[in-house]
Amino acid sequence: MDNTASASSPRIIPRADHTISRAHISESARKVLYRLHDAGYAAYLVGGGVRDLLLGLRPKDFDLATNATPEQISQLFRNCRLIGRRFRLAHIHFGREIIEVATFRGHHSQSEDRDDALVHDGMLLRDNVYGTLEEDAWRRDFTVNALYYNIADFSLVDYTGGLEDLQQRRLKMIGDPTVRFQEDPVRMLRAIRFAAKLGFALDETVILAIAEHRQRLQAVPPARLFDELLKLFLKGHALRTYELLYQHDLLAVMFPTADRLLKTGDALFDRFVRQALINTDQRIHDDKPVNPAFLFAAMLWGPLLKTKSVYRSQNMSSIQAMQVASGDILNEQSQVIALPKRFRLPIREIWAGQTRLEKRQGRRASWFLQQPRFRAAYDFLLLRHQAGEAGLDELCAWWTQFQVADEPQRKHMLNTLRQAPRRPKPDAIAEP
Ligand code: ATP
Ligand code: MG
């Protein structure tokens, strides 16, 4: 199906011919759909909700689209908040669940008020013009994300050929990828995210356009990139995401220092990153919390060690070299992705903790064990070991045992440590 022209009638798939049932839609989303419908508005489930249900997956949230304006929506729901500057959206709150309701958006170029759509170097800065269902479909990103489930008759509405692409398991851009990536470069990362999550193939034109426009990601505000990065790596498909980012040379834009090191063929660092991501995916699947700081600490560990060794060769102490190198690496990374302060400190502590874990003599081990930052540092050490870094057997086993040992056992462990031969290079350590 041609997916570039927008003056076409949609394919309508009646309830009997598709697999989405109301029972699969969350109760809150159903309530919102029905209240909009009963008030005389058009109301559709759209985006990931429809896509994932058709694929037999459990949607992570339900996004709705309607012809009611945000103000009209908020009049229907007491639990409604209007949010967003770039896109004005209604959030309907049901306990912890939020149903996002967007008013149909139209083409900015058709706006009577030119100020409504601000374009800079082909990039859409604001995009807040209301439109029809059809216009709303054509301004979405991928065809499989532009399927609508109509609460009025339970049919599916497909303007862009999304159903066929879904069946073929391919991710196709609506319209010309070059134009769409210029409008919003984050769509390149979304392409990778959906390809990783759904196991879909990227359409050839998408691949070519990414190769051509990937540097445009640098023009995206770093804070938005940070949000997108969390979605890329904390949704349970981090390993595949990493492979695709590397393959399409987007890692070079998102994590330049890591990418440079990987391109030198550093197999240990590659193994380390993979192991970190495998563990992250496992934690997500087990519904355990994941700390973004840990993830950043891992993605930048190889470059950090390299920079640190340069400072070491200039006769800096291990701790000092670690501190200075940490600052360098985090500053360079922040040029691309804004690292909020609340993440920078824990990242530095995980790294500094690697040196601290080696210095166990005297009261140092017992002191460090009491610190809130011990756990992440210890987990990071285990990760290094798991990824095959040599020489960590004794250190890992020691710390694992030390944590569960009672007082006399700990004393014994520290005493035997003292008898162990000292390392040839005594590193100064700041007294805890
Ligand atoms: P998931 O929620 O599983 O991550 P999703 O497809 O629902 O995936 P959202 O970010 O929730 O993604 O966005 C909802 C829908 O809004 C998308 O399916 C897409 O149709 C549209 N959309 C979101 N971001 C963009 C964008 N940058 N450009 C165009 N359309 C977008
Ligand atoms: Mg969604």
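Residues numbered from 1 in each chain as written. Chains lettered and ligands numbered in written order. Predicted model: local features only at pLDDT ≥ 70, side-chain atom pairs only at ≥ 80, totals over all residues. Heavy atoms only, no water.

A. Molecular detail of the packing of aromatic side chains. Under the definition given, this model contains 19 aromatic pairs. Ring centres 6.1 Å apart and planes at 50 degrees place the aromatic pair Tyr-44 and Phe-104 in the tilted group. Highlighted residues: Tyr-44 in strand β2 (residues 43–46) and Phe-104 in the loop between β6 (97–103) and β7 (119–120), separated in sequence by 60 residues. Judged by centre distance (5.9 Å) and plane angle (15 degrees), the ring pair of Phe-226 and Phe-296 falls under stacked. Remark: Phe-296 occurs in helix α14 (residues 292–299) and Phe-226 occurs in helix α9 (residues 222–233); sequence separation between them is 70 residues. (Phe/Tyr/Trp six-rings, centres within 6.5 Å; stacked < 30°, edge-to-face > 60°. Helix = DSSP H or I, 4+ residues; strand = E, 2+ residues; numbered from the N terminus.)

B. Structural context of empty space enclosed by the protein. Tallied over the entire structure, the rule returns two cavities of 30 Å³ or more. Taken as a whole, the second largest cavity holds about 40 Å³ of empty space. Around the second largest cavity, the lining residues are Arg-193, Ala-196, Lys-197, Lys-231, Leu-232, Lys-235, His-237 and Thr-241. Looking at the lining of the second largest cavity, the elements that each hand over two or more residues are α7 (186–198) and α9. The element contributing the most residues to the lining of the second largest cavity is α7, with three residues. Residue classes in the lining of the second largest cavity are distributed as two nonpolar, two polar and four charged. (1 Å grid on protein atoms, 1.4 Å probe; cavity = no way out; pocket = protein on both sides within 12 Å on 5 of 7 lines; lining within 4 Å. Points joined across faces, edges and corners; volume = space filled by probe spheres on them. Nonpolar A, V, L, I, M, F, W, Y, C, P; charged D, E, K, R; others polar.)

C. Representation of the pattern of salt bridges in the model. A full pass over the atoms with the stated rule returns 24 salt bridges. Salt-bridge contacts for Arg-224 lead to Asp-184; the nearest nitrogen and oxygen are separated by 3.1 Å. On the criterion of sequence distance, the pair formed by Arg-224 in helix α9 and Asp-184 in the loop between α6 (177–183) and α7 is long-range, its members being 40 residues apart. Here Arg-224 falls in the partly exposed class, since its relative accessible area comes to 31%. Judged by relative accessible area, which is 6%, Asp-184 ranks as buried. Three or more residues joined by partner-sharing salt bridges are found here, namely Arg-214, Asp-249, Asp-259 and Lys-263. (Salt bridge = Lys/Arg side-chain N within 4 Å of Asp/Glu carboxyl O. Buried < 20%, exposed > 50% of the residue type's maximum accessible area, 1.4 Å probe, protein only.)

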